[in-house]
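Examination of the molecular architecture
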Amino acid sequence: RLKYAYVISCDDIVRDPETNEPVELKCTLYPETRAGVTPEGEKRVKGIIQWVEASTAVKCNVNQYDRLFKTEEPGKESDDFTKDINENSLETLETAVVESSVAIDALAQLAKIRTADNAAEEGEDCERPYHAELSYQFERSGYFALDPATTGADNLVFNRVVTLRDAWGAPKPKAAQRNRGGGKQPKQQQKKRGGGGAGVIEDARRVAIRAGTILEAGPHPEAESLIVCKVDCGDADEGSGEPSEPRTVVAGLAGLIEFDDLIGRKIACVTNLKPAKMRGIESTAMLLAATDGGEGLDEVVDLLAVPDEVPNGELLSFEGKEASEPDAMMKSKGALKAFDRVKACLKSNENGEATYVNEESTHRIMTSAGPATTSVKSAVIQ
């Protein structure tokens, strides 16, 4: 599967006659598999390929920095820290390609820097932006920032500042602490959910509200009031860590929000509710939206939005509360009642910020880049 696109199968490999290196793949594309769809009766494709469209791609140099030393305490064992230097602390890739939008953003950042430099030369007091303020997540690789060596679209340079997953130096659990064989944890380690008593996780912190991006939206084939979306919620395969296919989400938003206004939006959604079939299509998440309470097509609705820089899958929190510890799946009667209690307390304030209001206390719903927001102010969130 080409990520966010189609399933393809390779029919032929064209190789360089001198080096025997592959230079072209001739493939069959299956149009019915667009945007994560697996046709009924077909086997789900597990492998997902990250790809860049060749005719518009832009070349760039990528500096993949790693840790400078191979041990936590250089020189501790040998009394010579130089023996612990990591010879592979920098790998430079000179044949990387990125989407053309990256080059456009880089040119805009360089223009801001030149404007600030010119203003400074004329004696104006202004803050000079940094190259590294332009940053991206290069999928499956890490987070990268623009290098000052960049001079234009034909000389893009990005530096890796952090990897995606890093278990280096992490302490390994002791055998006695592991819960082997599916046995019950000791009582003192168990946490109660719902109800009263010590160690209780309150209702709001049991709900997994995560950031996501709507990749595709269209009408439900069997219900005029419903729409069907494909949403990237940042899911990954538990075994391999590879990105999972987008979630299918069914929502009662037909006629309330234009499809073109949905695609590409960063939104907040509930991801740990039990999947439910809605007129024949299973919905695996719930979009959160504010409504003014109007009737029919007169109702004003807007999805809960999160800042663009928030990564898909980020778990949102409630300001002033401990970090959420969501249930793996809220499917029992007690868990569903807890969710209903939480949903009844979700509202947007006069500034359009999403909040959880309970027992005369108000808590904003927060991301790492600020609160979740909506254009429908002082309204109910459903």
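This write-up is about the structure you can find in this document. (Residues numbered from 1 in each chain as written. Predicted model: local features only at pLDDT ≥ 70, side-chain atom pairs only at ≥ 80, totals over all residues. Heavy atoms only, no water.)

1. Things to note about the environment of I113
Summarising the element assignment, I113 is placed in helix α1 (residues 100–121). Owing to a relative accessible area of 4%, I113 belongs among the buried residues under this scheme. C-alpha of I113 to C-alpha of H131: the two residues are 18 residues apart in sequence and 7.9 Å apart in space. Apart from residues no more than four positions distant in its own chain, I113 is found in contact with R128, P129, Y130 and H131. (Helix = DSSP H or I, 4+ residues; strand = E, 2+ residues; numbered from the N terminus. Buried < 20%, exposed > 50% of the residue type's maximum accessible area, 1.4 Å probe, protein only. Contact = heavy atoms within 4.5 Å.)

2. Some details on the sheet that holds strand β16 (residues 286–287)
The antiparallel open sheet is built from 5 strands, whose spatial order is β12-β11-β10-β13-β16. Strand pairing shows two members of the sheet lacking a second neighbour, β12 (247–251) and β16, which therefore form its edges. Looking at chain direction, strand β13 (residues 266–270) and β16 are connected through 2 bridges and run antiparallel. Bridging from a neighbouring strand, V270 pairs with M286 of β16. (Pairing = 2+ DSSP bridges.)

3. Let's talk about the pattern of salt bridges
Applying the stated criterion across every chain yields a total of 14 salt bridges. Across the pair R128 and D117 runs a salt bridge whose closest N-O atoms are separated by 2.6 Å. Of this pair, R128 sits in the loop between α1 and β5 (135–138) while D117 sits in helix α1, and the two are 11 residues apart along the sequence. By relative accessible area, R128 is classed as partly exposed at 40%. (Salt bridge = Lys/Arg side-chain N within 4 Å of Asp/Glu carboxyl O.)

4. Remarks on the sheet that holds β5
Each strand in a sheet pairs with its neighbour through backbone hydrogen bonds, running either in the same direction (parallel) or in the opposite one (antiparallel). Here we have 5 strands laid out as an open sheet, ordered β4-β3-β7-β6-β5, and mixed in their pairing. This sheet does not close on itself; its edge strands, each paired only once, are β4 (90–98) and β5. Neighbour-to-neighbour, the strand axes of the sheet open up by a mean angle of 35°, direction not taken into account. (Axes fitted to C-alpha atoms, helices over the stretch in contact; angles between N-to-C directions.)

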